[in-house]
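Chain residues, written in single-letter form:
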Amino acid sequence: QLLFASILAAAGTVGLVKLHAAAPSAARVIEISGNDQMQYSVTAITAKAGESLKVVFTNAGTLPKEAMGHNWILLKAGTDVMAFATDSMMAKDTDYIAPKHKDKVIAFVGVQGPKKSGEVTFTVPAPGVYAYICSFPGHFMIMKGTLTVK
């Protein structure tokens, strides 16, 4: 009986080792900044479906957050960007994401003031083209980019 218990214990240990060896790989880091001229430093990202991405977003500007804050919002495919941004302009309390459109957001970094950074890690969705924008009032027409998933 002791031999049988030892074999079971050894088999369980091997199983645990296998589980720990299958740890997921680290997220690929994408660094993006926004400036006082309402421009993103990166306007196109390419990724593989299922990949883990970490977006580190920095407001590189110097103007006050209330006048020139920036965020980074990745939207689901097919989202009406104009409607999303227009409805979100008055949603200051929710980082300029209108509550009725929250379900259209894949990932986001909230509004950052000058020289401040935020980050978000997410799993890249299915193949397609996804828009990302700054929804701070008046910014989305200039501050935009695309995530192309292959």
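A quick note: this is a predicted structure, and the numbers were derived from the prediction, not measured.

Draft legend 1. Geometry of the overall build of the protein. Summing up its helical and strand segments, the protein has three helices and eight strands in all. Its helices and strands in sequence order give the protein the pattern α-β-β-β-α-β-α-β-β-β-β, from N to C terminus. The buried share among the 150 residues of the protein stands at 37%. Residue pairs at least 24 apart in sequence account for 71% of intrachain contacts in the protein once pairs closer than 6 positions are excluded. Accessible area of the protein: about 8600 Å², with a carbon and sulfur share of 62%.

Draft legend 2. Inspection of the nonpolar core at higher detail. In terms of nonpolar packing, the biggest core is built from 26 residues, with Ile32, Tyr40, Leu53, Trp72, Phe122 and Leu147 touching the most fellow members. Elements with a minimum of two residues in this core: β1 (28-34), β2 (44-47), β3 (52-59), β4 (70-75), β5 (105-112), β6 (117-123), β7 (128-133) and β8 (144-149).

Draft legend 3. Local environment of the confidence of the model for the protein. For the protein, the average pLDDT comes to 88, and 83% of its residues sit at 70 or higher. Contacts for the low-pLDDT stretch residues 2-23, under 50 throughout, to residues beyond four places or in other chains number zero contacts.

Draft legend 4. Quick peek at unusual backbone geometry. In this model, Met38 sits at a positive phi of 55 degrees, which is unusual for a non-glycine residue. Here Met38 shows up in the loop between β1 and β2.

Draft legend 5. Region of interest: the sheet that holds β6. Overall, mixed pairing links the three strands, which are arranged β1-β3-β6 in an open sheet. Bordering the open sheet on either side are β1 and β6, each of which pairs with just one other strand. Taken pair by pair, the neighbouring strands of this sheet meet at an average axis angle of 20 degrees, ignoring direction. As judged from the seven bridges shared by β3 and β6, these two strands associate in the antiparallel manner. Note on β6: the bridge partner recorded for Phe57 is Gly118.

Draft legend 6. Geometry of the sheet that holds β4. Read across the sheet, five strands follow the order β2-β8-β7-β4-β5 without closing on themselves; strand pairing throughout is mixed. The open sheet has two edge strands with one neighbour each: β2 and β5. Looking at each pair of strands side by side, their axes are set apart by 15 degrees on average, direction ignored. By the bridge criterion, four bridges tie β2 to β8 in an arrangement that is parallel. Of the residues in β8, the one forming a bridge with Ala47 is Val149.

Draft legend 7. Focus on the pattern of salt bridges. Applying the stated rule across the entire model yields four salt bridges. In this structure, the salt-bridge partner of Glu119 is Lys54, at a minimum N-O distance of 3.4 Å. Highlighted residues: Glu119 in strand β6 and Lys54 in strand β3, separated in sequence by 65 residues. On the basis of relative accessible area, Lys54 is assigned to the partly exposed category, the value being 23%.

Draft legend 8. Geometry of helix α3 (residues 81-88). Here α3 has its buried residues at Phe84, Ala85 and Ser88. The buried residues of α3 occupy an angular sector of 90 degrees when the element is viewed end-on, so they sit on one face. Elements that come into contact with the buried residues of α3 comprise β4, β5 and β7.

Procedures and definitions
Residues numbered from 1 in each chain as written. Predicted model: local features only at pLDDT ≥ 70, side-chain atom pairs only at ≥ 80, totals over all residues. Heavy atoms only, no water. Helix = DSSP H or I, 4+ residues; strand = E, 2+ residues; numbered from the N terminus. Buried < 20%, exposed > 50% of the residue type's maximum accessible area, 1.4 Å probe, protein only. Contact = heavy atoms within 4.5 Å. Areas by Shrake-Rupley, 256 points an atom, 1.4 Å probe, with all protein chains shown as cover. Core = buried A, V, L, I, M, F, W, Y, C linked by side-chain atoms within 4.5 Å. pLDDT = per-residue confidence, 0-100. Pairing = 2+ DSSP bridges. Axes fitted to C-alpha atoms, helices over the stretch in contact; angles between N-to-C directions. Salt bridge = Lys/Arg side-chain N within 4 Å of Asp/Glu carboxyl O. Arc of directions from axis to C-beta.

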